[in-house]
Amino acid sequence: DDKKVQSTLKKLGLSPIPACEEAHLFREDGKVLVFSNPKLSGSIGANTFALSGAPVLKDVSEMVSPELLSQLGGGQIQQLQELMARLQAEGSLGGAAGEGAAAGGEGTAGAGDDNDEGVPDLVEAT
């Protein structure tokens, strides 16, 4: 099966991308698929990528760290803040998640502070 997949990826013009240590795929339900040492292939010009491996399903609250946040763009941070607010409102967040929510909430609570440069203000969807 692996040879078939590799053959198909090659036909699509995807080349192996080496040295990918970890990949995170965020789901809308607050879960994250974490791939450790995945096989990654891609074609930057075609904006097409393939990721394979055995994922571990984790809660987003387990994943929130300064290291991860530094890798996110403004839109992704806003989506994460909205997700955390929604989960908090639903009561889906547990003990460790509350700590992550508090850390994520600091940027929104002090929206006028100068410390949140580059972090967009959280706005409610209409």
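For the structure itself, look to the data block above.
Note that the structure is a prediction, hence the values are computed from the model and not measured. (Residues numbered from 1 in each chain as written. Predicted model: local features only at pLDDT ≥ 70, side-chain atom pairs only at ≥ 80, totals over all residues. Heavy atoms only, no water.)

Draft legend 1. Quick peek at the nonpolar core. Membership of the largest hydrophobic core is limited to 11 residues, which are Val 32, Val 34, Val 60, Met 63, Leu 68, Leu 72, Ile 77, Leu 80, Leu 83, Met 84 and Leu 87. Contributions of two or more residues to this core are made by strand S3 (31-36), helix H2 (60-63) and helix H4 (74-90). Top element by residues in this core is H4. It accounts for 5 residues. Apart from residues no more than four positions distant in its own chain, Val 60 is found in contact with Phe 26, Gly 30, Lys 31, Val 32, Leu 80, Leu 83, Met 84 and Leu 87. (Core = buried A, V, L, I, M, F, W, Y, C linked by side-chain atoms within 4.5 Å. Buried < 20%, exposed > 50% of the residue type's maximum accessible area, 1.4 Å probe, protein only. Helix = DSSP H or I, 4+ residues; strand = E, 2+ residues; numbered from the N terminus. Contact = heavy atoms within 4.5 Å.)

Draft legend 2. Spotlight on H4. When the terminal C-alpha atoms of H4 are compared, their 24 Å separation across 17 residues agrees well with the 24 Å that a helix rising 1.5 Å per residue should span. Buried within H4 we find Ile 77, Leu 80, Gln 81, Leu 83, Met 84 and Leu 87. Along the axis of H4, the buried positions cluster into a sector of 165°, meaning they face one direction only. What points out from H4, more than 90 degrees from its buried face, is the exposed set Gln 79, Ala 89 and Glu 90. (Expected span 1.5 Å × (residues − 1). Arc of directions from axis to C-beta.)

Draft legend 3. Representation of the pairing of strand S2 (residues 22-26) within the structure. Both S2 and S3 contribute to a ladder of 5 bridges, which runs antiparallel. In the sheet register, Glu 22 faces S3, and the bridge partner there is Ser 36. Where S2 hands over to S3, the hairpin turn is made up of 4 residues, of which Gly 30 adopts a positive phi near 90°. (Pairing = 2+ DSSP bridges.)

Draft legend 4. Region of interest: the environment of Ala 46. Secondary-structure assignment places Ala 46 in the loop between strand S4 (39-43) and strand S5 (48-52). Sequence spacing of Ala 46 and Leu 12 is 34 residues, and the spatial spacing of their C-alpha atoms is 9.3 Å.

Draft legend 5. Looking closely at the sheet that holds S3. With antiparallel pairing, 3 strands are arranged side by side in an open sheet as S2-S3-S6. Taken across any chain shown, the strands that pair with only one partner, and hence form the sheet edges, are S2 and strand S6 (55-59). Averaged over all adjacent pairs, the angle separating strand axes in this sheet is 25°, with direction ignored. (Axes fitted to C-alpha atoms, helices over the stretch in contact; angles between N-to-C directions.)

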